[in-house]
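Tertiary structure, described
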Amino acid sequence: IFGESESDDSSFSINLSGLPFIIYTLLVLGYYFILELKTGQTVGKMLLKIKVVSADSQPLTPGKLAVRTILRIVDGIFFYLVAFICVVATKQKQRLGDMAAGTLVVKA
């Protein structure tokens, strides 16, 4: 029901496809969306003392966070290389999801 797994003496692998992959993806994206909607921070952001805010100084909205969260898929390509390039190349140090959603990550 949760995909396939294989192991031998020196390795272990998991293959998620179909419904298990969809469930996993929704759980991961839900983690970011729900925590950032409630507190502006994920656990990692809390540890780093940073938070997500709206670039226009308005409260974060579910729509902005949905755009930001969904674009994590694109930002995460090649181990977040897309996000890294965007952060380095933009004046406000925003990843693609932040630019599209109108959000910033700032010190908490």
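Presented here is a report on the structure given in the accompanying data block. As the structure is a computational prediction, the values presented were derived from the model and not from experiment.

The next thing to look at is the side chain of Asp75. With respect to the secondary-structure elements, Asp75 resides in helix H4 (residues 72–75). A relative accessible area of 0% means that Asp75 is categorised as buried. Sequence-distant contacts of Asp75, defined by excluding residues within four places in its chain, comprise Tyr80, Leu81, Val82, Ala83, Arg95, Leu96 and Gly97.

The full count for this structure, using the stated rule, is one aromatic pair. Judged by centre distance (5.1 Å) and plane angle (70°), the rings of Tyr31 and Tyr32 are edge-to-face. The exposure class assigned to Tyr31 is partly exposed, which follows from its relative accessible area of 33%.

The next subject is the pairing of strand E1 (residues 4–7). Where E1 lies against strand E2 (residues 12–15), four bridges are found, and the strand directions are antiparallel. Note on E2: the bridge partner recorded for Ser5 is Ile14. As consecutive antiparallel partners, E1 and E2 are separated by four residues.

Nonpolar side chains collect at one region of the surface, where Phe12, Ile14, Leu16, Leu19, Phe21, Ile22, Ile23, Tyr24, Leu26, Leu27 and Val28 lie side by side and expose about 1,100 Å² of accessible area between them. Looking at the nonpolar patch, the elements with two or more residues in it are E2 and helix H1 (19–39). Sort the elements by how many residues they give to the nonpolar patch and H1 lands first, with eight residues. Mapped onto the elements of the fold, Leu26 is located in helix H1.

Rules and cut-offs
- Residues numbered from 1 in each chain as written.
- Predicted model: local features only at pLDDT ≥ 70, side-chain atom pairs only at ≥ 80, totals over all residues.
- Heavy atoms only, no water.
- Helix = DSSP H or I, 4+ residues; strand = E, 2+ residues; numbered from the N terminus.
- Buried < 20%, exposed > 50% of the residue type's maximum accessible area, 1.4 Å probe, protein only.
- Contact = heavy atoms within 4.5 Å.
- Phe/Tyr/Trp six-rings, centres within 6.5 Å; stacked < 30°, edge-to-face > 60°.
- Pairing = 2+ DSSP bridges.
- Patch = residues over 30% accessible without salt bridge, like charges linked within 9 Å, V, L, I, M, F, W, Y side chains within 5 Å.
- Areas by Shrake-Rupley, 256 points an atom, 1.4 Å probe, with all protein chains shown as cover.
- Salt bridge = Lys/Arg side-chain N within 4 Å of Asp/Glu carboxyl O.

Shape is all these values report; function is a separate question.
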